[in-house]
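What follows is each chain in one-letter form.
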Amino acid sequence: MQTGDAELEMRGRCSAGQKVLASLIIRLALAETFCLNCGILALDEPTTNLDGPNSESLAAALLRIMEDRKGQENFQLIVITHDERFAQLIGQRQHAEKYYRVTKDDYQHSIIEAQEIFD
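First, a word on what this report is: a plain description of the structure on this page. The model shown is predicted, which means the values in this text are computed figures rather than measured ones.

Another aspect to go through is the pairing of strand E4 (residues 76–80). As paired strands, strand E3 (residues 40–44) and E4 are joined by five bridges and run parallel to one another. Within E4, the residue paired with Ile-40 across the bridge is Gln-76. Handedness of the β-α-β unit built from E3, helix H2 (residues 52–69) and E4 comes out right-handed.

Put into structure tokens, the structure is as follows:
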């Protein structure tokens, strides 16, 4: 990387979480660029290896995408996460009607329940 006439050595300057966040942001940007009318954006455990501030930055980016796509009838955001805080950050009433919680019963059968959005 260069700044003006000076070359900067960037190896070792970013944490693992920052690298993961950068990768996710690039993927989201590519999805937004090449799939403007795509109906589904799916993320599986997007906060893995992210610290709190980076997780919040990702949530903010997703909120901007949701805001930009709110007029698109076929848009759905699917997020699979164990991160309750992240779910609270993106699960806002103005962007969704409900979310689904998947749990297991005593026999390890999946239970899918619609949940109210966090206030």
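If you walk through the whole model with that rule in mind, you get two salt bridges. For Glu-67, the salt bridge goes to Lys-70, with nearest N and O atoms at 2.6 Å. With a relative accessible area of 36%, Glu-67 lands in the partly exposed category. Arg-101 serves as the salt-bridge partner of Glu-84, at 3.0 Å between the closest nitrogen and oxygen. Pair noted here: Glu-84 is in helix H3 (residues 84–90) and Arg-101 is in strand E5 (residues 98–104), with a separation of 17 residues, a long-range link. Residue classification places Arg-101 among the partly exposed residues on the basis of a relative accessible area of 28%.

In this structure, Leu-62 sits in helix H2. Not counting the four nearest positions on each side in its chain, Leu-62 is found in contact with Leu-28, Leu-41, Leu-43, Leu-77, Phe-86 and Ile-90.

Compared with an ideal rise of 1.5 Å per residue, which puts 18 residues at 26 Å, H2 spans 26 Å between its outermost C-alpha atoms and is within 8% of the ideal. Three or more residues of H2 are buried, namely Asn-54, Ser-55, Leu-58, Ala-59, Ala-61, Leu-62, Leu-63, Ile-65, Met-66 and Arg-69. On its buried side, H2 packs onto helix H1 (16–34), E3, E4 and H3.

Criteria and cut-off values
- Residues numbered from 1 in each chain as written.
- Predicted model: local features only at pLDDT ≥ 70, side-chain atom pairs only at ≥ 80, totals over all residues.
- Heavy atoms only, no water.
- Pairing = 2+ DSSP bridges.
- Helix = DSSP H or I, 4+ residues; strand = E, 2+ residues; numbered from the N terminus.
- Right-handed = clockwise from strand over helix to strand, strands pointing away.
- Salt bridge = Lys/Arg side-chain N within 4 Å of Asp/Glu carboxyl O.
- Buried < 20%, exposed > 50% of the residue type's maximum accessible area, 1.4 Å probe, protein only.
- Contact = heavy atoms within 4.5 Å.
- Expected span 1.5 Å × (residues − 1).

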